[in-house]
Amino acid sequence: MKTYIVGNWKLNFTVGEASIYLHKLLKALPNYRDIEVVVAPSAIALQPLSLQVDRHKMKLAAQNAFYRDYGAFTGETSFSQLRGLADYVIVGHSERRYILKEDDKMIQKKVAAALRNKISPILCIGETESERAFGETADIIRDQLVGGLAEVSDDDLDKVIIAYEPVWAISSTKAAKMASPDEIAEVVRLIQKTLKEIYGVKTAEKVPILFGGSVNSSNAGAYLTVPGINGLLVGGASLILNEFVDIIEIAKRVRS
Ligand code: PGA
């Protein structure tokens, strides 16, 4: 399985800034076959960047899309419109769950719409600080996983990526804390167990599990060596080119 390094740019960079960043990233990046480098720019930057990107070196992800392919949905972009522009899409990010009020039902439809349009969903799941404090982490993880994957068949599961992002560890969260490798390993075991229960061992083992939450070049090595972790979803640090390139280099070293 490849190691995934995904940069989530969130609401940052103009189209021009995104294009300059991509140009520099492509120059800095060797063609690492075993590392899947992905960046997720704003929706309006996807079309120009899709013409600029070298897909042998890296891929593009959308940060969101709507689950219907067309129709009267003012302001939305569909997965069908993203076909050919993005290879991946982030679905269920905690900022969309809590700020934009997306629930598991909507996330489930988005995962299905992504797969229908041949775009791999990166399904984000994770508990809040108070859910962890009340001992609800296992229930939340299980509910978000089962809910998000409800329409995913056995045949499609190998196109899905799971990202464990504890909300309390995301850098934009007030007083964010760093997750420890042990805390992550425990949740990864739970994710693996749940996937195996639903899909069986062989199918479940094909699903990459990423970690995200205040990842930077100082902690990337430790997070990438957590058992069961196959990559990282990087927010703030992915906006700094040198940091992002360092994280990719660390992933390469950890693998070899
Ligand atoms: P962060 O964001 O790396 O800035 O904590 C991660 C994310 O929200 O995906």
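Quick caveat, the model's predicted, so the values are computed rather than measured.

(A) Quick look at helix α2 (residues 43-52). Of the positions making up α2, those classed as buried are A45, L46, L49 and S50. Buried residues in α2, looked at end-on, bunch into an arc of 135°, giving them a common side. Exposed and oriented more than 90 degrees from the buried face of α2 are I44 and L51. Buried residues belonging to α2 abut α1 (15-28), β3 (58-62) and α3 (79-82).

(B) Geometry of the sheet that holds strand β6 (residues 161-164). In space, the eight strands of this closed barrel follow the order β1-β2-β3-β4-β5-β6-β7-β8, with parallel pairing throughout. For this sheet, the mean angle separating the axes of adjacent strands, direction not counted, is 25°. Alignment of strand β1 (residues 3-8) against strand β8 (residues 231-234), held across four bridges, turns out to be parallel. Paired with V6 across the bridge in β8 is L233. Its contacts with the sheet place helix α5 (residues 104-116) against β4 (88-91) and β5 (120-125), and it is angled at close to 160° to β5.

Conventions we followed
Residues numbered from 1 in each chain as written. Predicted model: local features only at pLDDT ≥ 70, side-chain atom pairs only at ≥ 80, totals over all residues. Heavy atoms only, no water. Buried < 20%, exposed > 50% of the residue type's maximum accessible area, 1.4 Å probe, protein only. Helix = DSSP H or I, 4+ residues; strand = E, 2+ residues; numbered from the N terminus. Arc of directions from axis to C-beta. Contact = heavy atoms within 4.5 Å. Pairing = 2+ DSSP bridges. Axes fitted to C-alpha atoms, helices over the stretch in contact; angles between N-to-C directions.

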